[in-house]
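Chain by chain, the residues run as shown.
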Amino acid sequence: MQHSGALICLNGNMLPTDFLTPAVRYFLLALLFFYREAATTQLSYSVAEEVKPGTNIGNIAKDLSLNVQDLESRLFQIVASTKKYFEVNRQTGFLYASERIDREELCADESKCIVSLEAVINNPLKLYRVEIEIKDVNDHSPSFNAQSQLLDVAENTSPGFKFALSEASDADVGKNGVSGYKLSSNEYFSLVSNKRGDSISPELVLQKTLDRETKPNIKLMLTAFDGGSPPNSGTSEIEINVLDNNDNAPVFSSSLYKINIPENIQIGAAIFTLNATDADEGANSEIVYSLRSKDQDHVLDIFRIDPETGVISVKGKIDYEEKKAFEIRAEARDKGQPPMSAHSKVLVEVIDLNDNAPEITVTSLMNTVKEDAAIGTAVALVSVLDRDSGKNAEVTCKILNTVPFKLEKNYRNYYSLVVDGHLDREVTPRYNVTILASDEGQRPLSNTSFIGISVSDVNDNAPKFSEPVINVYVKENSKIGTVIKTVTAVDADINNNGQVSYSVLENIGKGQHLSSMININSETGDIISLQSFNYEELNTFQFKVQATDSGVPPLSSSVTVNVLILDENDNNPTILAPYSEHGSVNSETIPYSAEAGYFVAKIRAVDADSGYNALLSYHLSEPKGNNLFRIGTSTGEIRTKRRMSDNDLKTHPLVVLVSDNGEPSLSATVSIEVMVVESTADVQTQFRHVPIKEDSFSDLNLYLLIAIVSVCVIFLLSLISLIAVRCHRTDGTFSRYSAPMITTHPDGSWSYSKATQQYDVCFSSDTLKSDVVVFPAPFPPADAELISINGGDTFTTTQTLPNKEKVRKACLDL
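Residues numbered from 1 in each chain as written. Predicted model: local features only at pLDDT ≥ 70, side-chain atom pairs only at ≥ 80, totals over all residues. Heavy atoms only, no water.

S.K.: Let's hear about the overall build of the protein chain: which residues, and what values?
M.R.: Looking only at helices and strands, the protein chain features 6 helices and 58 strands. Of the contacts made within the protein chain by residues no fewer than 6 positions apart, 66% connect residues no fewer than 24 positions apart. When the accessible surface of the protein chain is totalled, it reaches about 42500 Å², and 51% of it is carbon and sulfur. (Helix = DSSP H or I, 4+ residues; strand = E, 2+ residues; numbered from the N terminus. Contact = heavy atoms within 4.5 Å. Areas by Shrake-Rupley, 256 points an atom, 1.4 Å probe, with all protein chains shown as cover.)

Quick look at the structure:
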């Protein structure tokens, strides 16, 4: 386990800390909930490659001044789109390596390996930039592509001549890369190393003239070593063949050439021409050009050289994004015997062209966004990558369509997609956001991406009834358990927010307990009767139904329900007094001299029902051939049709049928026996069936008579006083009328008359009663108003009184 150093960048000051660390490749992600706050804090850590999984990198919670207890609830995390090399322990706050880290896999030939990432914490949202430098360890040894190298050297080659050797490669970088070479000891050759850029090239230098006859073959060992501790090394064997004389070797004008070519150059295009010269003549001066096959297989796939002209041309596709530079090792060899050669390098730098459109990567931070999300709430992170460089890689990003979202730039080519307007799921449940990314090359390239954002429901709609008041009509006597009405409320929300339950909110009934009258199904809204309603007892009542959804918090609304009981014809007509006494004999008398239209009796009846069910009609059910009497179908008045004749019976039994107009019709009957008498006195006696006893007049009767007379006198005096007071208060308003006067009649009654009105007052001689009957006078020919006051019972109707005699009889009967 290796120790690593961490740096916290705060306000431009680098603060060192000591922690153990792993690494991760770059990508940006974040998670969002209700509030968004930009964070500029940057942490820098370093960690050695190949650390064990689980190795702590640093206490990121402490470095960011976060409370460890909040990491779990605030969903603190590191998120990556590619392979995830590290995680955060939310219990301790430490950043740790979660996978094996291989620097050579992550950064290849780059001298400095930096992994950029984002740490995200929510409620409120903060983004923290974290950079982790992957430190190289000496885990690779230098190696040669060829285990042996073959050189042909002419025996007359002058001392000091140099021969290029194959280079060793090391996957490590820096001091852990190839740092030098050494050659096995010998008497003919020495070794020099030339540093060109980041690479070191070994060259073999001839120190002593060769003699083919003495030593035709020489074997040497070349060793490459790195600068690690301890150092690693690799070897390659050099086999030298000593050839016969060829005086001069070819010579290049320069040992290193540098050229620039654009990427995507056409295949077959010539990019450079090598030129080498040979001071010999004839075949010894003829030069053949070639590309060295050792250690540059990738170069041979991309380039080729004309062996005669030395023209280097393109053989394969050149892509700046894949390789930015090439090192071509060329050789010029003459045709002498033995042949001699020279070596040169061509460094080719590739110029970037705007041939890559921006690539848009969208990472959703949540599956759905709540419709009440605040403006500024981030819903997704958008990263744009352009593989080009320079201006060609500078990108602008924008939203094409009109949506309540916008892009906010974090840094470089990273954006947050945030809410920028009111969301309403009931109006638009899903948005399709179109994002356009364009680079700034001379010929700009662009790309589009589509983001689908679903809006989740919140409980922002209360249930609604279709109308504020509902009238329910219920027949009386309906069965218990009948559904009298189903109320329905609609909630625009969904799921639990739109699930409605019903309850009775308020009772505005008339003194009755609503719970004993109706019930409501909380799920369906069915209003069920718990009793059979009686219109005559209760004809209407009112209550409120509340609809409540299941959201948090729940929302509700109510509707007023008016229940109107419809009358059914369930009550028979009832005969009123004096003919309503059950089982009693009802009899009336009329004088033999009665004229046609003579008033006999009036039947009164009532019906507890209402409307047509209480509209009564009266009919006579009389013996066949009896046409002496008739009855008013609507008034119930029994009158004579004609005068009496000698053939008429003295007693006439009548049956009166009282019927209502309901469906079906209900009825009641009353029997009346009408007797014909000769004189008016008989009519008086028979009318009320009051026996007259003249043979006994006790003291008690005398006292009673005196008391009655006293009461009558007091009543009359009070009446007179009241009239006098009223006349006095009206300030002579009676002057327009004739003077009122009270008249005594021979039958013992008094009349009070005022102008065109006259009232007859009669007192009964019956000591058990104290009734007053008042008749407006003069009597009309047929009808008059009869007001009978009997104790506390009062009935008012219109009866026909044909003459004074009838009135007098009634008064005497009282």
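S.K.: How would you sum up the pattern of salt bridges? Please name residues and give values.
M.R.: Tallied over the full model, the rule gives 23 salt bridges. Across the salt bridge formed by Lys135 and Glu133, the nearest N and O atoms sit 3.3 Å from each other. Among the residues examined, Lys135 registers a relative accessible area of 37% and is labelled partly exposed. Taking the shortest distance from any N to any O, the salt bridge between Asp420 and Lys406 comes out at 3.9 Å. Taken together, the residues span a long stretch of sequence, with Asp420 in the loop between strand 32 (414-419) and strand 33 (430-439) and Lys406 in strand 31 (residues 405-411) at a distance of 14 residues. Residue Asp420 is classed as partly exposed on the basis of its relative accessible area, which comes to 36%. (Salt bridge = Lys/Arg side-chain N within 4 Å of Asp/Glu carboxyl O. Buried < 20%, exposed > 50% of the residue type's maximum accessible area, 1.4 Å probe, protein only.)

S.K.: Could you give an account of the pairing of strand 52 (residues 667-677), with specific residues and numbers?
M.R.: Here strand 45 (residues 587-591) pairs with strand 52 via 5 bridges, running parallel. When the sheet's bridge partners are listed, Glu588 is paired in strand 52 with Val674. (Pairing = 2+ DSSP bridges.)

S.K.: Could you give an account of the sheet that holds strand 5 (residues 56-59), naming the residues involved and the relevant values?
M.R.: The sheet built from 3 strands is open, its strands ordered 5-8-7 with antiparallel pairing. Looking at the sheet topology across the chains shown, the edges are occupied by strand 5 and strand 7 (86-88). Shown here is a sheet whose adjacent strand axes are inclined to one another by a mean of 20°, direction ignored. The pairing of strand 5 with strand 8 (residues 94-97) spans 3 bridges and is classified as antiparallel. (Axes fitted to C-alpha atoms, helices over the stretch in contact; angles between N-to-C directions.)

S.K.: Can you break down the nonpolar core residue by residue, with the values?
M.R.: Residues Ile60, Phe76, Leu95 and Ile132 are the most contacted members of the largest nonpolar core, which totals 31 residues. Going through the elements one at a time, strand 4 (42-48), helix 1 (60-63), strand 7, strand 8, helix 2 (103-107), strand 9 (114-121) and strand 10 (125-135) are the ones with two or more residues in this core. Membership of the second largest hydrophobic core comes to 28 residues, among which are Ile259, Ile261, Tyr289 and Phe303. (Core = buried A, V, L, I, M, F, W, Y, C linked by side-chain atoms within 4.5 Å.)

S.K.: How would you explain unusual backbone geometry if you had to name every residue and give the values?
M.R.: Here the residue pair Val552 and Pro553 is connected by a cis peptide bond, since its omega of -5° sits within 30 degrees of zero. With respect to the secondary-structure elements, Pro553 resides in the loop between strand 42 (540-549) and strand 43 (556-566). In this model, Glu663 is joined to Pro664 through a cis peptide bond whose omega is -5°. Here Pro664 shows up in the loop between strand 51 (651-659) and strand 52. Even without being a glycine, Asn264 presents a positive backbone phi close to 65°.

S.K.: Mind laying out the sheet that holds strand 14 (residues 189-196), listing which residues take part and the relevant values?
M.R.: Reading across the sheet, the 3 strands line up as 12-15-14 and stay open at both edges, with antiparallel pairing between neighbours. This sheet does not close on itself; its edge strands, each paired only once, are strand 12 (162-164) and strand 14. Strand after strand, the sheet turns through a mean of 35° between neighbouring axes, direction not considered.

S.K.: Can you lay out the confidence of the model for the protein chain for me, pointing to particular residues and giving the numbers?
M.R.: With 78% of its residues at a pLDDT of 70 or more, the protein chain has an overall mean of 79. Contacts from residues 1-40, a stretch scored under 50 in pLDDT, to residues over four places away or in other chains number 166 contacts. Residue range residues 732-814 is modelled with pLDDT below 50. Its contacts to residues more than four positions away, or to other chains, number 155 contacts. (pLDDT = per-residue confidence, 0-100.)

S.K.: Provide a residue-level description of the environment of Lys162, including the pertinent values.
M.R.: Along the chain, Lys162 turns up in strand 12. Setting aside anything within four residues of it in sequence, one finds Lys162 in contact with Glu203, Leu204 and Val205.

S.K.: If you had to explain the side chain of Asp388 to someone new, which residues and values would you point to?
M.R.: Locating Asp388 in the fold gives a position in the loop between strand 29 (378-385) and strand 30 (395-399). Polar contacts involving the side chain of Asp388 include one to the side chain of Asn356, which spans 2.8 Å. (Polar contact = N/O pair within 3.5 Å; in protein donor to acceptor, adjacent residues only side chain to side chain.)

S.K.: Go over the pairing of strand 34 (residues 446-456) with me, naming the residues and quoting the values.
M.R.: Sheet topology places strand 28 (residues 368-370) next to strand 34; 3 bridges connect them, and they run parallel. Bridge pairing links Val369 to Val455 in strand 34. As paired elements, strand 33 and strand 34 share 9 bridges and run antiparallel to each other. If you follow Leu436 over to strand 34, its bridge partner there is Thr448. Hairpin connection between strand 33 and strand 34: a loop of 6 residues separates the two successive antiparallel strands.

S.K.: Account for the packing of aromatic side chains, with residues named and values stated.
M.R.: Tallied over the full model, the rule gives 9 aromatic pairs. An angle of 80° between the planes, with centres 5.3 Å apart, marks the rings of Phe303 and Phe326 as edge-to-face. Here the residue Phe303 occupies a position in strand 23 (residues 303-305), and Phe326 occupies one in strand 25 (residues 325-334), the gap between them amounting to 23 residues. The residues Phe303 and Phe326 share a single accessibility class, namely buried. Through a chain of ring-to-ring contacts, the aromatic side chains of Phe161, Phe163 and Phe189 assemble into a single cluster. (Phe/Tyr/Trp six-rings, centres within 6.5 Å; stacked < 30°, edge-to-face > 60°.)

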